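Here is what each chain is made of, one letter per residue.
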Amino acid sequence: MDIIHLRQKQPRFEGMTAGHRACLGCGEALAARLVTEVAGPDVIVANATGCLEIFTTPWPESAWRIPWAHSLFENTGAVAAGMEAALKAQGKSTKVLAFGGDGGTFDIGFQALSGMLERGHNVLYVCYDNEAYMNTGIQRSSSTPHAAMTTTSPPGAARMGKRHLKKDILSIVAAHHIPYAATSSVAYPSDIRKKVRRAMAIDGPTFLQIHVPCPLGWGYDGDKTIEVGRLAVETGLFPLLELERGGVTGVMPIRNPKPVSDYLKQQNRFRHLFSDDARAQQELLHLQAIADHHIEIYDLTQQQASRFDTDGMNIVRRGGLRYA
Ligand SMILES: Cc1ncc(C[n+]2csc(CCOP(=O)(O)OP(=O)(O)O)c2C)c(N)n1
Ligand SMILES: [Mg+2]
């Protein structure tokens, strides 16, 4: 039985489908399709301004097959919270999803997100993290990695790309002690599916940050999205984690971490780190130190005694608060 036949025998719900105008190889489009496939038809989406909102709704068309509303760039958490309160008042069980880019989540929408989490709304917030403001022309965000080139962090005499570090949004979100917060990557579809399923089953605020490589903004060919995404995880630069009530409960182990240069050299945004500029080597060492730090604090290589659950995730309970 060929694979297409198998697929036809098991039709999946398609919440976001044909009719969008994303770039070839767009990680964000694929991730949004996977999330809505798993979340199912009984959902309503509040979607921040950004690439996803723009490319899925080229007027008069729409790629959405679920109720969907465009919020502002800065207020998605508040719009989702309002939707949830209204549905609750009507006695409906429809799950509210909030979608935002890294700019809409880490930066401008953070206040609305924090309020939504703190008030305990039953919303799954998904951040599609492509590490810059892509929709408006690749400006740096607080999610842009250190030393990456964007149109507002060009390498030059003053600095080697972005001066600052990537914000650790997961820790900040987890500090609200919400029931579930996790990172995933579009390079690991079954990991996305598992985490969305987990979040959908929880009656309370949940957060999923999905790493979504961007061929245009990062500077690589569109057929390399999965390869680039995998390398971010395999180097330790983007660890896949699960946190419950603020404590780490699961990590995806990496057996033999790859050097960060394997990941960086695939992308034009890090091209200056492979020049003969005297500062390049130092920045490479700095980025390697960041990956090594992740490997150490989350025990990604499984040096400490640990056990695995059936999905191969390491359960490293680190004293998460349980008060609900
Ligand atoms: C208040 C406000 N400021 C700025 C903008 C312009 N703007 C629209 S989308 C966007 C960037 C979106 O970046 P991100 O959230 O990372 O999503 P991406 O496009 O990268 O998926 C900006 C700056 C806006 N719409 N509203
Ligand atoms: Mg972005």
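Before reading on, note that the structure itself is shown above.
Structure report, in brief.

Conventions and cut-offs
- Note that residues are indexed from 1 along each chain, following the sequence as it is written.
- Chain A is the first chain written and ligand 1 is the first ligand written, with later ones labelled in order.
- Only residues with pLDDT of 70 or above have their local features reported here, since the model is predicted, and side-chain atom pairs are shown and tallied only from 80 upward, although totals for entire chains, interfaces and linings are computed over all residues.
- No hydrogens and no water enter the side-chain calculation; it runs on all heavy atoms of the structure.
- Numbering of helices and strands starts at the N terminus; helices are DSSP runs of H or I of at least 4 residues and strands are runs of E of at least 2.
- To estimate how far a helix should reach, multiply one less than its number of residues by 1.5 Å.
- When a residue's accessible area, from a 1.4 Å probe over protein chains only, is under 20% of the maximum for its type it is buried; when over 50% it is exposed; and in between it is partly exposed.
- The rule for a salt bridge is simple: a side-chain nitrogen of Lys or Arg has to be within 4 Å of a carboxyl oxygen of Asp or Glu.
- Residues are labelled near a given molecule or strand when at least one of their non-hydrogen atoms is within 4 Å of it.
- Throughout this description, a polar contact denotes any pair of N or O atoms lying within 3.5 Å of each other; where both atoms belong to protein, one of them has to be capable of donating a hydrogen while the other can accept it, and for residues adjacent in sequence the pair is counted only when both atoms sit in side chains.
- A pair of strands is labelled paired if DSSP reports no fewer than 2 bridges between them.
- Here a patch means residues that are over 30% exposed by relative accessible area and free of salt bridges, tied together within 9 Å if like-charged and within 5 Å if nonpolar (Val, Leu, Ile, Met, Phe, Trp, Tyr).
- Methods summary: accessible areas were calculated by the Shrake-Rupley approach with a probe of 1.4 Å, and residue burial reflects only the protein chains presented.
- In this listing, donors mean N, O and S atoms no farther than 2.8 Å from the metal, or 3.2 Å for Na, K and Ca; water is missing from the atoms, so a site can look incomplete.
- Pairing of aromatic side chains requires ring centres within 6.5 Å, counting the rings of Phe and Tyr and the six-membered ring of Trp. Pairs whose planes differ by under 30 degrees are stacked, by over 60 edge-to-face, and all others tilted.
- Charge over a ring is defined by NZ of Lys or CZ of Arg lying within 6 Å of the ring centre and within 35 degrees of the ring normal.
- By the convention used here, residues are in contact when the closest approach between their heavy atoms is within 4.5 Å.
- To qualify as a nonpolar core, a set must consist of buried Ala, Val, Leu, Ile, Met, Phe, Trp, Tyr and Cys residues joined through side-chain atoms within 4.5 Å.

A word on helix α2 (residues 27-39). Helix length check: α2, at 13 residues, gives a terminal C-alpha distance of 18 Å against a target of 18 Å (1.5 Å per residue), a fit within 8%. In terms of burial, α2 is largely enclosed, as 11 of its 13 residues are buried. All of the buried residues along α2 are Gly27, Glu28, Ala29, Ala31, Ala32, Leu34, Val35, Thr36, Glu37, Val38 and Ala39. At the exit of α2 stands Gly40, carrying a positive phi of roughly 85°.

Turning our attention to the pattern of salt bridges. In the structure shown here, the tally under the stated rule is 14 salt bridges. As a salt-bridge pair, Glu131 and Arg269 come within 2.9 Å of each other at their nearest N and O atoms. Separated by 138 residues along the polypeptide, Glu131 in the loop between β4 (123-129) and α7 (169-174) and Arg269 in the loop between α11 (260-264) and α12 (280-297) bring together distant segments of the chain. Each member of the pair, Glu131 as well as Arg269, carries the same accessibility label: buried. Lys265 is paired through a salt bridge with Asp262; the nearest N and O atoms lie 3.7 Å apart.

A few words on the site of ligand 1. Close contacts around ligand 1 come from 17 residues, with Cys51, Gly103, Gly104, Ala132 and Met134 the closest. Between ligand 1 and Cys51, the relevant distance is 2.8 Å, taken from an oxygen atom to a main-chain nitrogen or oxygen of the residue. In this structure, an oxygen atom belonging to ligand 1 sits 2.8 Å away from a main-chain N or O atom of Gly104.

A separate point is the pairing of strand β3 (residues 95-101). Taken across its 7 residues, β3 has 6 buried, putting it largely inside the fold. Pairing of strand β1 (residues 43-47) with β3, which is carried by 5 bridges, proceeds in the parallel orientation. If you follow Val45 over to β3, its bridge partner there is Leu97. For β3 and β4, the ladder comprises 6 bridges, and the chain directions are parallel. Each residue of the ladder has a partner; that of Phe99, found in β4, is Val126.

Before going further, it helps to examine a nonpolar patch on the surface. A cluster of nonpolar side chains, namely Ile3, Ile4 and Leu6, defines an oily patch on the protein surface of about 320 Å² accessible area. Looking at the secondary structure, you find Ile3 in helix α1 (residues 3-9). On the basis of relative accessible area, Ile3 is assigned to the exposed category, the value being 66%.

On to the coordination of the magnesium ion (ligand 2). The coordination sphere of the magnesium ion (ligand 2) contains the protein donors Asp102 (OD), Asn130 (OD1) and Ala132 (O), at a distance range of 2.0 to 2.1 Å. Mapped onto the sequence, the residues coordinating the magnesium ion (ligand 2) show the spacing D-x27-N-x1-A. Of the residues examined, Asn130 reaches a relative accessible area of 5% and is grouped as buried. Using a relative accessible area of 4% as the deciding quantity, one classes Ala132 as buried.

Right, let's get into the packing of aromatic side chains. Using the criterion set out here, one finds 6 aromatic pairs in the structure. Taking the centre distance of 5.8 Å and the plane angle of 20° together, the rings of Tyr125 and Phe207 count as stacked. Within this pair, whereas Tyr125 is found in strand β4, its partner Phe207 is found in strand β6 (residues 206-211), the two being separated by 82 residues in sequence. Comparing Tyr125 with Phe207 shows no difference in burial state: the two are buried. Members of the aromatic cluster, joined through ring pairs, are Trp64, Trp68, Phe99 and Tyr128. It is Arg230 that lies over the ring of Tyr188; its NZ or CZ is 4.4 Å from the centre.

Moving on, we get to the environment of Val126. Looking at the secondary structure, you find Val126 in strand β4. In contact with Val126, other than residues within four places in its own chain, are Val35, Ala98, Phe99, Gly100, Leu208 and Ile210.

Another aspect to go through is the nonpolar core. Nonpolar side chains tend to gather and get buried jointly when the protein is soluble and globular. Of all hydrophobic cores here, the largest spans 30 residues; its most connected members are Val35, Leu52, Phe99, Tyr128, Val196 and Ile210. Residue assignment for this core shows that the elements contributing at least two residues are α2, β1, α3 (51-56), β3, β4, β5 (180-185), α8 (189-200) and β6. Ignoring sequence-local partners within four residues, the contact set of Phe99 consists of Val35, Thr36, Val45, Ala46, Asn47, Ala48, Leu52, Trp64, Thr76, Val126 and Tyr128. Formed by 29 residues, the second largest nonpolar core is a distinct cluster that contains Met83, Val96, Met116 and Leu241.

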